[in-house]
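Descriptive structure summary
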Amino acid sequence: MEANSTPLTSSELGNLWLDYQEKTMLLRFLEYLREHADDADIQSIIHSAYEATKSFIHEIAQIFQADGAVVPIGFTAEDVHPGVPKLFDYLYEPMFLHMISKIEVNLFALHFTMSYRKDIRQLYERLEASSQSIFNRCSQLLLDKGVLVRPPYMSMPKEVSFVKDDSYLTGFKWIGEKRALNAIEISLIHHAIETNLTGMQLMIGFAQVANDRDVKNYFIKGMELSKGIETTLGEFLRRDYIEPPATHAGKATNSTVAPFSDKLMMYLTNLLGAFGLGSNALGGAFSLRSDLPLAMAHTAQKILPFLKEGAELMIRHGWLEEPPQVEDRRKLTRS
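For the structure given in this document, a descriptive report is provided here.

**Here's the deal with the pattern of salt bridges**
All told, the structure shown has 16 salt bridges when counted by the stated rule. Note that Glu104 and Lys23 form a salt bridge whose closest N and O atoms lie 3.0 Å from each other. Here Glu104 is found in helix α3 (residues 92–113), whereas its partner Lys23 is found in helix α1 (residues 10–36), with 81 residues between them in sequence. When sorted by exposure, Glu104 lands in the same class as Lys23, which is buried. A salt bridge links Asp119 to Arg117, with the nearest nitrogen and oxygen atoms 2.9 Å apart. For Asp119, a relative accessible area of 22% puts it in the partly exposed group. Assessed through its relative accessible area of 6%, Arg117 is described here as buried.

Shown next as structure tokens:
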């Protein structure tokens, strides 16, 4: 690839660096998934995701090289261990890809809006389209298999109405009783629980196979955090006699042999935690009942120190690759 006459901006460089980390991690995970998938439709989805991911990694590396930037290390063949027992059971492959493609669609849409060079914008258009395709295929397969729970149905509104007073915001219809959730609030809670359920099984599996004791204990904390989030948010639905989403599929097996390096498992946990923070912020911003943003903020207060602990653990083990850094010109003023 020839160098572009317009150099990468800091946002383009930083975002491509982030995406290279995520895509190289995903490639390793796909290598594991394709070894264990025993359903033809799932194998087809994994193959498509694998080929697309490999191609995007190569393209991003070419952009770095053409612009004179070092190609990050990311995750390599050393981070996946072939030939080990299956860590997750029935249909976890499409459940994981459903979750990770949901993250990617949001991530690439954001990075598209932060890009200025035409070729970078075009790259993000293709990245997002690829992730949307995988998300669509996984969604339909999981729906057909009966393991992806739809959000609850509700009566269609027959007339337009307006909020009469601020009791709608406090959540109290009258003293001692809160108003029912609206459709927007239900959708945000359902989305958060659905993603958290897949992440919780990931934490259970990772806790079983982690080699380092501190890393293992960290994943156990992740299990407990995920369970607490599901319980807290699920209670909002139960109060309105709505069952929170749940599935019988995608559970962790009893294997204790790691298919991945501790480094990869720590990175993926950090990625999911960061996405959880973003989901909480979205849920809090679009909820009009004051107790929901408070619950979301309380959850965020638990996720932030968890992520900080994870970063410190990765630094201690030498696993945290440093993003591109601006030249520190402040030292000139100190000389």
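**A closer look at the packing of aromatic side chains**
With the rule as written, the count across this model stands at 13 aromatic pairs. Aromatic pair Tyr218 and Phe306: ring centres 4.2 Å apart, planes at 0 degrees, arrangement stacked. Note that Tyr218 is positioned in helix α7 (residues 213–239) and Phe306 in helix α9 (residues 291–317), a separation of 88 residues in sequence. Among the residues examined, Tyr218 registers a relative accessible area of 1% and is labelled buried. Accessibility expressed as a relative area gives 9% for Phe306, which makes it buried. Taken together, the aromatic side chains of Phe29, Tyr32, Phe88, Tyr92, Phe96, Phe206, Tyr218, Phe219, Phe260 and Phe306 make up a single cluster linked through ring pairs. When the ring centre of Tyr168 is taken as origin, the NZ or CZ atom of Arg179, which lies over that ring, is 3.8 Å away.

**Digging into the packing of helix α8 (residues 262–286) against α9**
Contact pair α8 / α9: the axes reach a minimum separation of 9 Å and the direction vectors enclose 160 degrees. Classed by the angle they form, the pair α8 and α9 counts as roughly antiparallel. The chirality of how α8 crosses α9 is left-handed. Together, Lys263, Met266, Tyr267, Thr269, Asn270, Gly273, Ala274, Gly276, Leu277, Asn280, Gly283 and Gly284 of α8 and Pro293, Met296, Thr299, Ala300, Ile303, Leu304, Phe306, Leu307, Gly310, Leu313 and Met314 of α9 make up the contact between the two elements. Partitioning the contact of α8 with α9 into residue classes produces 13 nonpolar, nine polar and one charged.

**Quick notes on the nonpolar core**
Nonpolar side chains tend toward joint burial in soluble globular proteins. Phe29, Phe96, Leu97, Phe219 and Leu268 are the most contacted members of the largest nonpolar core, which totals 89 residues. Residues within four places of Leu97 in sequence aside, it is in contact with Leu26, Leu30, Leu33, Ile45, Ile46, Ile134 and Cys138.

**Focus: the environment of Ile184**
Relative to the assigned elements, Ile184 resides in helix α6 (residues 183–209). For Ile184, a relative accessible area of 48% corresponds to the partly exposed category. Distance from Ile184 to Leu288, taken between C-alpha atoms, is 9.1 Å for residues 104 residues apart in sequence.

**Here we look at α6**
Helix length check: α6 (27 residues) gives 40 Å between terminal C-alpha atoms against 39 Å at 1.5 Å per residue, within 8%. Of all 27 residues making up α6, 21 are buried, and the element is well covered by its neighbours. N-capping of α6 is provided by Asn182, with a side-chain oxygen placed 3.1 Å from the backbone N of Ile184.

Conventions adopted
- Residues numbered from 1 in each chain as written.
- Predicted model: local features only at pLDDT ≥ 70, side-chain atom pairs only at ≥ 80, totals over all residues.
- Heavy atoms only, no water.
- Salt bridge = Lys/Arg side-chain N within 4 Å of Asp/Glu carboxyl O.
- Helix = DSSP H or I, 4+ residues; strand = E, 2+ residues; numbered from the N terminus.
- Buried < 20%, exposed > 50% of the residue type's maximum accessible area, 1.4 Å probe, protein only.
- Phe/Tyr/Trp six-rings, centres within 6.5 Å; stacked < 30°, edge-to-face > 60°.
- Lys NZ or Arg CZ within 6 Å of the ring centre and 35° of its normal.
- Axes fitted to C-alpha atoms, helices over the stretch in contact; angles between N-to-C directions.
- Parallel < 35°, antiparallel > 145°, perpendicular 65-115°, else oblique.
- Left-handed = near helix turned anticlockwise from the far one by under 90°.
- Contact = heavy atoms within 4.5 Å.
- Nonpolar A, V, L, I, M, F, W, Y, C, P; charged D, E, K, R; others polar.
- Core = buried A, V, L, I, M, F, W, Y, C linked by side-chain atoms within 4.5 Å.
- Expected span 1.5 Å × (residues − 1).
- Polar contact = N/O pair within 3.5 Å; in protein donor to acceptor, adjacent residues only side chain to side chain.

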